[in-house]
Structures are given as C-alpha cells and as structure tokens.
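So you can see what is in the structure, the chains are spelled out below.
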Amino acid sequence: MSHNRAYNFNAGPAALPLEVLQQAQEQFVDFRGIGMSIMEISHRSKEYEQVNDETQALMKELLGVPAGYEVLFLQGGASTQFAMIPMNLLGPGKSAGYVLTGTWSDKAFKEAKLFGDAYAAASGEASGFKRMPGQAELTIRPDTAYVHLTSNETIAGSQFPHYLDTGSVPLIGDLSSDILSRPVDVSQFAMIYAGAQKNLGPSGVTVVIVREELLAGSPKHVASMLRYDTHAKTKSLYNTPPVYSVYMVNLVLKWIKAKGGLAWMEQFNRDKTQLIYDVIDQSGGFYTGLVDPGSRSRMNITFALGSDELEARFLKASEQAGFVGLKGHRDVGHLRASTYNAVPLESCQALADFMKQFQAQNG
Ligand SMILES: *Cc1c(COP(=O)(O)O)cnc(C)c1O
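The numbering scheme is per chain: residues are counted from 1 as the chain's sequence reads. Residues qualify for local features only when their pLDDT is at least 70, as the model is predicted, and side-chain atom pairs are given and counted only at 80 or more; totals for whole chains, interfaces and linings, by contrast, use all residues. Note: side-chain values were computed over all heavy atoms of the structure, leaving out hydrogens and water.

## Section: the nonpolar core
When a protein is soluble and globular, its nonpolar side chains tend to lie buried together. Cut-off, in case you're wondering: In these notes, a set of buried Ala, Val, Leu, Ile, Met, Phe, Trp, Tyr and Cys residues joined through side-chain atoms within 4.5 Å is what counts as a nonpolar core. Residue exposure (1.4 Å probe, protein chains only): buried if accessible area is under 20% of the type maximum, exposed if over 50%, otherwise partly exposed. Runs of E in the DSSP output that reach at least two residues are strands. Runs of H or I that reach at least four are helices, and both are numbered from the N terminus. Where a domain begins and ends is set by an automatic assignment or by a domain database. Contacts are assigned to residue pairs that have any heavy atoms within 4.5 Å of one another.
In this structure, Met59, Leu63, Leu180, Leu200 and Ile209 are the most contacted members of the largest nonpolar core, which totals 56 residues. The greatest single-element share of this core, amounting to ten residues, is contributed by helix H6 (residues 243-259). Each of domain 1 (22-258) and domain 2 (260-362) accounts for three or more of the residues forming this core. Here Met59 is in contact with Val65, Val71, Leu180, Leu200, Val207, Ile209, Val249 and Leu253, once residues within four sequence places are set aside.

## Quick word on the domain arrangement of the chain
Reports of interface size often rely on the accessible area that becomes lost once the parts have come together. In plain terms, the rule: Two parts placed together each lose some accessible area under a 1.4 Å probe, and adding up what both lose gives the buried area. In what follows, salt bridge is the name for a side-chain nitrogen of Lys or Arg lying within 4 Å of a carboxyl oxygen of Asp or Glu.
Its domain assignment divides the chain into domain 1 (22-258) and domain 2 (260-362). Spacing between the C-alpha centres of domain 1 and domain 2 amounts to 27 Å. The interface of domain 1 with domain 2 comprises 27 residues on the first partner and 25 residues on the second. Each partner contributes to the roughly 2100 Å² buried at the junction of domain 1 and domain 2, and carbon and sulfur atoms together form 54% of this total. Counting the contacts that link domain 1 with domain 2 gives zero salt bridges.

## What to know about the site of the ligand
Under the convention used in this document: Here a residue is considered near a molecule or strand provided that any single heavy atom belonging to it is located within 4 Å of it. The definition of a polar contact used here is a pair of N or O atoms within 3.5 Å, where within protein one atom must be able to donate a hydrogen and the other to accept one, and adjacent residues in sequence count solely through side-chain atom pairs. Here the Shrake-Rupley method, with its probe set to 1.4 Å, supplies the accessible areas, and only the displayed protein chains count as covering residues.
Close to the ligand lie 13 residues, the nearest being Ser79, Thr154, Asp174, Gln197 and Lys198. In this structure, Lys198 approaches the ligand through a side-chain N or O atom, which is 2.7 Å from an oxygen atom. Protein chains shield 88% of the accessible area of the ligand, which is 390 Å² for the free molecule. Broken down by element, the residue count for the shell around the ligand peaks at four residues, all from helix H3 (residues 77-89).

## Notes on the pairing of strand E5 (residues 144-150)
Just so we agree on the cut-off: When DSSP finds two or more bridges between a pair of strands, those strands are recorded as paired.
Within E5, seven of the seven residues are buried, which leaves it mostly tucked inside the rest of the structure. Sheet analysis places strand E3 (residues 95-100) next to E5, joined by four bridges and oriented parallel. Residue pairing across strands places Ser95 opposite Thr144, the latter belonging to E5. The pairing of E5 with strand E8 (residues 171-174) spans four bridges and is classified as parallel. In the sheet register, Thr150 faces E8, and the bridge partner there is Asp174.

## So, the pattern of salt bridges
Enumeration over the complete set of coordinates arrives at 14 salt bridges. Between Arg32 and Glu54 there is a salt bridge, with the nearest N and O atoms lying 3.7 Å from each other. Of this pair, Arg32 sits in the loop between helix H1 (18-26) and helix H2 (46-63) while Glu54 sits in helix H2; the two residues are 22 residues apart in sequence, bridging distant segments of the chain. Residue Arg32 is classed as partly exposed on the basis of its relative accessible area, which comes to 40%. When salt bridges with common partners are traced through the structure, they connect Arg32, Glu54 and Lys254 into a single cluster.

## Some thoughts on a nonpolar patch on the surface
Quick reminder of the rule: Note on patches: the residues involved have over 30% relative accessible area and no salt bridge, like charges join within 9 Å, and the nonpolar side chains Val, Leu, Ile, Met, Phe, Trp and Tyr join within 5 Å.
Taken together, the side chains of Phe28, Val29 and Met39 define a hydrophobic patch exposed on the protein surface, amounting to about 300 Å² of accessible area. Residue class for Met39 comes out partly exposed when judged on its relative accessible area of 41%.

## With respect to the side chain of Ser176
Within the secondary structure, Ser176 sits in the loop between E8 and strand E9 (191-195). At 2.7 Å, the side chain of Ser176 forms a polar contact with the side chain of Asp174. One polar contact links the side chain of Ser176 to the main-chain amide nitrogen of Gly195, over a distance of 3.2 Å. With residues near it in sequence (within four places) discarded, Ser176 still touches Ala78, Tyr193, Ala194, Gly195, Lys198 and Asn199.

Here's what the structure looks like:
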C-alpha cells in the first residue's frame, strides 16, 4: 500500500481518507495563502467563517436537508447530546421513548432518565440485540415528546435497514457511526446528531441537524452552552468552536462529494462489507456473524470464531499481517471490523483474503 498505511479497521476514532490527510498536510502551515494555519486565526475571521459556512452548506447538500432545518457544530461528543436532548426537549408532563438496540441506545436512555420520564418504546433485548426492532414492536405513549433511535449500533454491529415510523411524534436519530454512509430522508427526523470521529473527521465536533420548530421550546433554566437555540442563533459561533475539527470535516465532505455523494457511498460500503460477510457466510460455520442478516451493519462487522483461543490466534496473526483494530468491544467480545466511509476497498479485500487463508490453515 502507498505511504505504508495500515489496514485500519478501528472503531473510532477511525480511518480518514488518505487524500484528505494529504490535503490537510499541504495546508497545515499555510492555509489558503494566509501564512498561518487555520488553527492560528480568529474563529471570527473571514477565512474561518467561510469554512464554517461552506461546511454547513455541504452537509445540507450531501444529506439533502430540506428547508426548515439548522446544521449546528457543537462540542462534547455524541455523549453530550444524550443529555442535551432531554434537557431541551423533554418538558414537564412529557415522556421520551427510547428504542433500545444495544450499548449506545442504552447510554442515551440512561441519560434521559436523569432528566425526566423516559421509557423503552421498543427493544431488541429479547433477541440478544441480534436484530433491530421492527415497526410492529414500536409502542409510543400519548404523552411522548420524542422518540430516540440509534441508526447503527457500533458495538453490536447492527443497523436499521430502514427507520421506524413515529408518525407525528418527533424522531431523533443518533447517526454517529453511519452518517453520510448512505442516503437518508432527513424529513423523517426532527433531529439527527453525530459525533465526528467515525464517518466525518477527527473527534472534537458533533454535528446536529435540527428542525427549527424544535429550537423554541427549551426551558429557561438550561445553561446557554447546552441550549440548541444559543448555537442556532449564532451560526455555531457562540463561543470558540473546534476549528480544526470543523475544517477537517469540510475536507471530508468535499471528498464524499467528489466521489459521487451518498448513493455512491452506499454502494461502495455495500461492496466493501459484502466481501467480508461473504467469507463469514461461506465459511461453513468457521466464522459466525453476531447479528441476523437483515440487521447487519454496513459499518461495523461483528463476528466470532469457535473458541477464545482461536480468536486470540486470529487477532495475533491479523496484527502480524498489518491489520489494526479487529478486537471486538469489551461489551460483546469476539471480533469487529469497522469499515467506515474512509476505509478503502483494498483493506476489505485484504481482510477477506486473510480470513480465508486463516481458515485454510486453522479450520
Ligand atoms: C461513538 C458513538 C457515540 C459516542 O460518541 P462520543 O462522541 O464519544 O460521545 C454515541 N453513539 C454512537 C452510535 C457511537 O458510535
């Protein structure tokens, strides 16, 4: 591989496109001819304001965000959104429905309970989180302020093939680990949010796409920094934003656009993950997927081998062969290959080949 780049299957922070890293490197000490880096100038300068505006516009363009939504760049990661959502949107006398699908939805649910009445609107627990709940499993209480779901469970390796319909109840989606990996009908959602470090850029910025009518209702006692309306009113420049992270997201969005946008990305991610799922499915049980085929993620492939000992051997051999990040999350164990947008097809082909070879030698 060029530049001695690893086969990077890290779950997050994760691979960034090589072209983007090279572009950032070129502009690192002299951004667009100003004789300074983007990190060394005011966030109120015209140069940064241009980056900020352009990044918002690109996000709207790529996702096809309809009129009536704001794109915000916040800090604190997706985990801060777990709290900001109920703080701003779960008023007295209201409840919030959470679709429970694994570790991340559970964290969001627990956080909401700190602020008000949160309940499970659907749960994949009975299936051991092997599949995403279907429409028939969704129960929404009449006093519900919003329903929250996790588009892609990064740790379990499951993903909604299509989202649940919540009718007139606002739907909020955590898309941290699959935003911009496939086309999304944003109008289904009242709000989408995503920490950047899986599919958008480096950590440090969290993208929030929110319907304008949701901005008005925050209770008065919520701190300024933790209110959506504060950031919407100031184009995400209320205080100093994470300028370098936003700049990197800008480059990643341009990279996605140049590739062919989200339809292209979806096919690319299907092709990449299919190489690996095919090896699992054709291994005669040597490898087993941890998720039912209908809910399999195109971002995080989780799989097991027959014993702990065999998995340890697999990990060791994979590391020696140049693969990084294949150890499963401690919550579920086993193995996981994260194949976000920036992971090249060659890395997935190499992993598929390695898995076949490992089976031939150890099966
Ligand atoms: C990684 C992840 C988070 C947590 O993101 P932070 O930015 O670290 O807070 C939340 N939800 C999902 C689905 C994730 O993959």
